[in-house]
Amino acid sequence: MSERIIGIMGAIPQEINGVVSLLSNKKEVTIGKRSYFTGELNNQKVVVVYSRIGKVAAATTVSTLILEFKITALIFTGVAGGIHPNVKIGDIVLGQSLIQHDMNAQPLFPAYEIPLLGKAYFEANQPQIDLATTTILELLEQQHLHNVISEQDLNKFNIHQPQLHVGLIGSGDLFFSTNSQKEKLQQNLPEILCVEMEGAAVAQVCYEFGIPFTVIRTISDDADDHSTVDFNSFIEKISNVYSIEIIKNLIK
């Protein structure tokens, strides 16, 4: 039986720097212009890395985690733009399934289906979903995040009672910044909760290698005409703290 090693990914440094700081026995390994940090978190062996933005970068990075570092499970953390009307800034979305919303090889293949793989939706394993759901709900119900994030910063982004949503995440090499983009996606895939640029690519690679994955996204904006407002500040003050607290409680 292989040794349990958990890979932890984010797209940009600010999304995983806080997690890197938690590691004991930390070592840095450079492969393919990426820095992989090995170490232990709560006595569990982990490898932490930021992939850079986009599906290709994410797929390359998770492939390296699987083939070079022999990870047995993956956690992806970061921000996303809210699509579903029930999803608000500061909420957390857990990916029950993921789809590449920009994949369209029609008429050769159905819309959204990955050519020659016969799948459009990549489902997370239920045990990972159950564990992440329990962990996140405990943090939210105990208002733990309010203890580690200042009221000033929470008020700045109008975050008062963040909620957990479990469902479909859409990924694509496109930053949503207009109402028309959002409305078109809602028409085509009304069940999508949020959009980002890496998760479904990571899910596809994990599926092909048989690696269980967990994709956790903090909603940073409404994926519309106001989606770039205070983005960097949100990552620094809010989502980075979310990632630290969720992951250190998820890995036990």
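Shown above is the structure to which this text applies.
No experiment lies behind these values; they were computed from the predicted model shown.

Participant: How should I be thinking about the state of the cysteines in this particular structure?
Facilitator: Each disulfide consists of one covalent bond between the sulfur atoms belonging to two cysteines. Inspection of every chain in the model, using the stated rule, returns 0 disulfides. Cys194 takes part in no disulfide bond, and the closest cysteine sulfur, belonging to Cys206, lies 17 Å away. With relative accessibility at 0%, the residue Cys194 sits in the buried group. Classification of Cys206 as buried rests on a relative accessible area of 0%.

Participant: Quick question: what am I supposed to make of unusual backbone geometry here?
Facilitator: For residues besides glycine, phi is generally negative; the peptide bonds are generally trans as well. Residue Pro107 is bonded to the preceding Gln106 through a cis peptide linkage, with omega at 0 degrees. Its location among the elements puts Pro107 in the loop between strand 6 (92-100) and strand 7 (121-123). The residue Lys33 is not glycine, and still its phi comes out positive at about 65 degrees. If you trace the backbone, Lys33 turns up in the loop between strand 2 (24-31) and strand 3 (34-41). With a phi close to 70 degrees, Leu116 is a non-glycine residue in the positive phi region. Tracing the backbone shows Leu116 in the loop between strand 6 and strand 7. Judged by relative accessible area, Leu116 falls into the exposed class, the value being 78%.

Participant: Looking at this model, I keep getting lost on the packing of helix 2 (residues 55-67) against helix 7 (residues 199-209). Mind explaining?
Facilitator: Angle between the axes and distance between the axes: these two values describe a pair of packed helices. Taken N-terminus to C-terminus, the directions of helix 2 and helix 7 make an angle of 30 degrees; their axes are 8 Å apart at the nearest point. Like other packed secondary-structure pairs, helix 2 and helix 7 cross with a definite hand, here right-handed. Between helix 2 and helix 7, the residues in contact are Lys55, Ala58, Ala59, Val62, Ser63, Ile66 and Leu67 and Ala201, Val202, Val205, Cys206 and Phe209, respectively. Grouping the amino acids of the contact of helix 2 with helix 7 by side-chain chemistry returns 10 nonpolar, 1 polar and 1 charged.

Participant: Is there a simple way to explain the environment of Ser220 in this structure?
Facilitator: Positionally, Ser220 belongs in strand 10 (residues 213-221). By relative accessible area, Ser220 is classed as buried at 6%. Apart from the residues lying within four places of it in its own chain, the contact partners of Ser220 are Val79, Ala80, Ile89, Phe231 and Phe234.

Participant: I tried to follow the environment of Phe109 on my own but got confused; where do I start?
Facilitator: In this fold, Phe109 is placed in the loop between strand 6 and strand 7. Owing to a relative accessible area of 23%, Phe109 belongs among the partly exposed residues under this scheme. Apart from the residues within four sequence positions on either side, Phe109 is in contact with Pro115 and Leu116.

Definitions and limits used
- Each chain has its residues counted from 1, following the order in which its sequence is written.
- Whole-chain, interface and lining totals are the exception, using all residues; otherwise, since this is a predicted model, local features are given only for residues with pLDDT of at least 70 and side-chain atom pairs are given and counted only at 80 or more.
- Heavy atoms throughout the structure, all of them, feed into the side-chain values; hydrogens and water do not.
- In this description, the term disulfide denotes a pair of cysteine sulfurs within 2.5 Å.
- Burial classes: relative accessible area under 20% of the type maximum marks a residue as buried, over 50% as exposed, and values in between as partly exposed (1.4 Å probe, protein chains only).
- Each helix corresponds to a stretch of at least 4 residues labelled H or I by DSSP, and each strand to a stretch of at least 2 residues labelled E; elements are numbered beginning at the N terminus.
- For helices, the fitted axis covers only the stretch in contact; all axes are lines through C-alpha atoms, and the angles between them, taken along N-to-C directions, range from 0 to 180 degrees.
- Note: crossing handedness is left-handed where the near helix turns anticlockwise from the far helix by less than a right angle, and right-handed where it turns clockwise.
- Whether two residues touch is decided by their heavy atoms; if any such pair falls within 4.5 Å, the residues are in contact.
- For this scheme, ten residues count as nonpolar: Ala, Val, Leu, Ile, Met, Phe, Trp, Tyr, Cys and Pro. Four count as charged, namely Asp, Glu, Lys and Arg, and the remainder, Gly too, count as polar.

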